[in-house]
There are 2 protein chains.
Amino acid sequence: MAPAPGQGLGRRVLGIDPGLTVMGYGVIDGDGVNSNAITSGTFRSHAKLPRPTRLREIFEAVGALIDEHHPDDLAIEQHFVAQNVRSAMAIGEARAAAMLAAATHDVPVYEYPATTIKEAVTGFGGAPKEQVQRMVMAHLGLASAPERLDASDALAIALTRLATFRHEAMIASRT
Amino acid sequence: MAPAPGQGLGRRVLGIDPGLTVMGYGVIDGDGVNSNAITSGTFRSHAKLPRPTRLREIFEAVGALIDEHHPDDLAIEQHFVAQNVRSAMAIGEARAAAMLAAATHDVPVYEYPATTIKEAVTGFGGAPKEQVQRMVMAHLGLASAPERLDASDALAIALTRLATFRHEAMIASRT
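Predicted, not measured: the structure shown is a model, and the values here were computed from it.

### Describing the environment of G126 of chain B
Stage number 1. One can find G126 of chain B in the loop between α3 (114–122) and α4 (129–140).
Stage number 2. The exposure class of G126 of chain B is partly exposed, given its relative accessible area of 45%.

As structure tokens, then:
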């Protein structure tokens, strides 16, 4: 059974690395300094299924993660680049399915561009994917890397939310 | 009160012209030869609202249209072009919200590219928007044009589904 939301460490965040074919997810409890990974993984939707069916699968999978883990926030990558219009629309559709799952469960959504995520996790906005993965493992004390980069990217996105939350809380406490 | 689905004329279709800021909709009863417009219009979401809130508004508005009119099918434009990656993602997100409303209500979704819609309605895949609008009015016996092009585009998309449905039914009856 998953621990109660934010147990011990302030806040629970569900990070989502959006994609129509493979979507990464990661759930983290943390306060911006210490963080525990609760779970992470990926889910796939099959390219042969009709688009609405694939979107419904993503919507329901993210909804099931929310029902199981009760995150305080959902954090998702904000894409500004894509190979072409077709892939940009596919990313937009997958993102929308995940964001709608959060919105219909009244979970606030936070969007971060890739450079912000890399900077929050590694201190450098241009860090390569492998370095992001190593730093995710270090932050969370993971002995082995998640099986897929999509999963460690989702953990990186969740860590970014915790880092910005801590920053916001510090600013708020000074005013 | 709306008539029962497909009353008199075989099939009821909800057409959606997807957009994040303005979304057109139109409900038509028809058999591919005769068609009646039940309702059409647009809904807007405000650019200042957070993206997940805007998507939830579209999701709920399309869901409310389905609850009110009980369409047999939802028909939506399939976009292959966009000004840039940013607008492609916005279109994808709006499309996903509408398709998810259909998928979660178990309403089948049919997607048509713009050329197919223009050809179905005017006989010419390269027809200008104004000609599409005039032909929509002629097909549906409308005395005046819908207030916005987005609404008549949505009616055109619904008419396309009825035309292809009739075509499919004719082919099926010969086999």
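There's plenty left to go through after this.
### Focus: the relation of the copies chain B and chain A
Stage number 1. Turning chain B through 180 degrees and shifting it by 0.0 Å along the axis lays it on chain A, with an RMSD of 0.0 Å. Taken together, the rotation and translation relating the two chain copies correspond to the operation of a two-fold axis.

### A short note on the sheet that holds strand β3 (residues 35–44) of chain B
Residue and element names in this part refer to chain B.
Stage number 1. Reading across the sheet, the five strands line up as β3-β2-β1-β4-β5 and stay open at both edges, with mixed pairing between neighbours. The two strands at the open ends of the sheet, each matched to only one other strand, are β3 and β5 (109–113). Within the sheet, the average angular offset between the axes of one strand and its neighbour, ignoring direction, is 20 degrees.
Stage number 2. Across the sheet, α3 is in contact with β4 (73–78) and β5; its angle to β5 comes to roughly 90 degrees.

### A short note on the interface of chain B and chain A
Stage number 1. The interface of chain B with chain A comprises 26 residues on the first partner and 26 residues on the second.
Stage number 2. Buried area between chain B and chain A, both sides added, is near 2,200 Å², and the carbon and sulfur share of it is 74%.
Stage number 3. For the chain B face of the interface with chain A, the top three residues by lost area are R56, M89 and L100 of chain B, together amounting to 26%.
Stage number 4. There are four salt bridges connecting chain B and chain A.
Stage number 5. Across the salt bridge formed by R56 of chain A and D106 of chain B, the nearest N and O atoms sit 3.0 Å from each other.
Stage number 6. The tally of links between chain B and chain A comes to six residue pairs in polar contact (both at pLDDT 80 or more).
Stage number 7. For the side of chain B that touches chain A, the secondary-structure elements that each account for two or more residues are α1 (51–69), α2 (85–104) and β5 of chain B.
Stage number 8. The element best represented in the side of chain B that touches chain A is α2 of chain B, accounting for 14 residues.

### Section: the packing of helix α2 (residues 85–104) of chain A against α2 of chain B
Stage number 1. One way to put it is that α2 of chain A packs onto α2 of chain B with a least axis distance of 7 Å and a crossing angle of 45 degrees. Put simply, α2 of chain A runs oblique to α2 of chain B. Regarding α2 of chain A and α2 of chain B, the two cross each other, and that crossing is right-handed. Touching V85, A88, M89, I91, G92, E93, R95, A96, A97, M99 and L100 of chain A of α2 of chain A are V85, A88, M89, I91, G92, E93, R95, A96, A97, M99 and L100 of chain B, all from α2 of chain B.
Stage number 2. Across the contact of α2 of chain A with α2 of chain B, the residue classes tally to 16 nonpolar, two polar and four charged.

Parameters at a glance
Residues numbered from 1 in each chain as written. Chains lettered and ligands numbered in written order. Predicted model: local features only at pLDDT ≥ 70, side-chain atom pairs only at ≥ 80, totals over all residues. Heavy atoms only, no water. Helix = DSSP H or I, 4+ residues; strand = E, 2+ residues; numbered from the N terminus. Buried < 20%, exposed > 50% of the residue type's maximum accessible area, 1.4 Å probe, protein only. Least-squares fit on C-alpha atoms with pLDDT ≥ 70 in both. Pairing = 2+ DSSP bridges. Axes fitted to C-alpha atoms, helices over the stretch in contact; angles between N-to-C directions. Contact = heavy atoms within 4.5 Å. Buried area = accessible area lost by both parts, 1.4 Å probe. Salt bridge = Lys/Arg side-chain N within 4 Å of Asp/Glu carboxyl O. Polar contact = N/O pair within 3.5 Å; in protein donor to acceptor, adjacent residues only side chain to side chain. Parallel < 35°, antiparallel > 145°, perpendicular 65-115°, else oblique. Left-handed = near helix turned anticlockwise from the far one by under 90°. Nonpolar A, V, L, I, M, F, W, Y, C, P; charged D, E, K, R; others polar.

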